[in-house]
Amino acid sequence: PTLKSGATTIISATGSQYAEVRLAADPGAGTQSISVADASGLEAGDLIIIYDDTPWNPWDDGWYPKVKTGEMHRVTSVSGTTITIEDPLINSYASSKSARVQFIRPVSLTVDGIEIVGANNKGGYTGISLRYTADSVIQNCHITNAGNRGIMVMDCYETLITKNVIEGSEKEGYGYGVDVHQTS
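The model shown is predicted, which means the values in this text are computed figures rather than measured ones. (Residues numbered from 1 in each chain as written. Predicted model: local features only at pLDDT ≥ 70, side-chain atom pairs only at ≥ 80, totals over all residues. Heavy atoms only, no water.)

### Examining the environment of Ile138
And step 1. Take Ile138: it is sitting in strand S12 (residues 137-139).
And step 2. Along the primary structure Ile138 and Ile114 are separated by 24 residues, whereas in three dimensions their C-alpha atoms are 9.7 Å apart.
And step 3. Excluding residues that lie within four positions of it along the chain, Ile138 makes contacts with Val111, Ile128, Leu130, Ile151, Leu160, Ile161, Thr162 and Asn164. (Helix = DSSP H or I, 4+ residues; strand = E, 2+ residues; numbered from the N terminus. Contact = heavy atoms within 4.5 Å.)

Here it is, written out as structure tokens:
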């Protein structure tokens, strides 16, 4: 099938970031348990983003001054205010560095074997946009004339993008085939 559209984004899937809480204790690197002030609403299968004010790149020369250290994990269980995650933390996080945990209720999308034709190869168009998703797949697609980006993935977990052809993402200064932000 072929989707032709003049819409700014042709296919979009977005979960929700529904809470942000403080830590109750500072977790160290390697732990899979995180204590927070309030875990209300969080469920197994949800995602968390844990971060603090530690600069993402300590050798930054001014290009990324607002980018902080953080990581995304899948929740395996919640007991009271203790969150257990699937994989160990890579870094330590500290309340003294304004550490926070965001709760995300992800959605999942599979796009397989379609053709997407955007309105203009130099405009601000996106073929497929994913945000706050988990276990999504984009494969065997042909995307043309999505001027800004063929595929955008932001704040997503375990996304597979394979065997796609992207042509005509030629917006001056942007023009990405696949644009990935803050994603595992």
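### Side note on the nonpolar core
And step 1. In terms of nonpolar packing, the biggest core is built from 16 residues, with Leu23, Ile34, Val36, Ile48, Ile83 and Val101 touching the most fellow members.
And step 2. Contributions of two or more residues to this core are made by strand S5 (47-55), strand S7 (82-85) and strand S8 (100-105).
And step 3. Apart from residues no more than four positions distant in its own chain, Val101 is found in contact with Ala19, Glu20, Val21, Leu23, Ile34, Val36, Ile48, Ile49 and Ile50. (Core = buried A, V, L, I, M, F, W, Y, C linked by side-chain atoms within 4.5 Å. Buried < 20%, exposed > 50% of the residue type's maximum accessible area, 1.4 Å probe, protein only.)

### Quick notes on the side chain of Thr144
And step 1. Its location among the elements puts Thr144 in strand S13 (residues 142-146).
And step 2. The buried category is assigned to Thr144, whose relative accessible area is 13%.

### So, the sheet that holds strand S17 (residues 176-181)
And step 1. In space, the 4 strands of this open sheet follow the order S2-S11-S14-S17, with parallel pairing throughout. The open sheet has two edge strands, strand S2 (9-14) and S17, and neither has a second partner. Pairwise comparison of adjacent strand axes, ignoring direction, gives a mean angle of 5 degrees for this sheet.
And step 2. As paired elements, strand S14 (residues 149-154) and S17 share 5 bridges and run parallel to each other. Each residue of the ladder has a partner; that of Ile151, found in S17, is Val178. (Pairing = 2+ DSSP bridges. Axes fitted to C-alpha atoms, helices over the stretch in contact; angles between N-to-C directions.)

### So, the sheet that holds strand S16 (residues 165-167)
And step 1. On the basis of which strands lie adjacent, the open sheet formed by 4 strands has the order S1-S10-S13-S16 and parallel pairing. Each of the sheet's edge strands pairs with one partner strand only, and the pair in question is strand S1 (2-4) and S16. With strand direction ignored, the average angle separating the axes of adjacent strands in the sheet is 10 degrees.
And step 2. The pairing of strand S10 (residues 115-120) with S13 spans 4 bridges and is classified as parallel. When the bridges of S13 are listed, Ile116 appears paired with Ile143.

### Remarks on the environment of Asn91
And step 1. Take Asn91: it is sitting in the loop between S7 and S8.
And step 2. Look past the residues within four positions of Asn91 in its chain and what remains in contact with it is Gly28, Ala29, Thr69 and Glu71.

### Considerations on the pattern of salt bridges
And step 1. Enumeration according to the criterion identifies 9 salt bridges in this entry.
And step 2. For Arg105, the salt bridge goes to Asp46, with nearest N and O atoms at 2.7 Å. Here Asp46 lies in the loop between strand S4 (33-35) and S5 and Arg105 lies in strand S8, a separation of 59 residues in the sequence.
And step 3. Of the residues examined, Arg105 reaches a relative accessible area of 30% and is grouped as partly exposed.
And step 4. Residues Arg74 and Asp135 are paired through a salt bridge, measuring 3.0 Å at the closest nitrogen-oxygen approach. With Arg74 in strand S6 (residues 68-79) and Asp135 in the loop between strand S11 (126-131) and S12, the pair connects residues that are 61 residues apart, well separated along the chain.
And step 5. Judged by its relative accessible area of 13%, Arg74 falls in the buried class. (Salt bridge = Lys/Arg side-chain N within 4 Å of Asp/Glu carboxyl O.)

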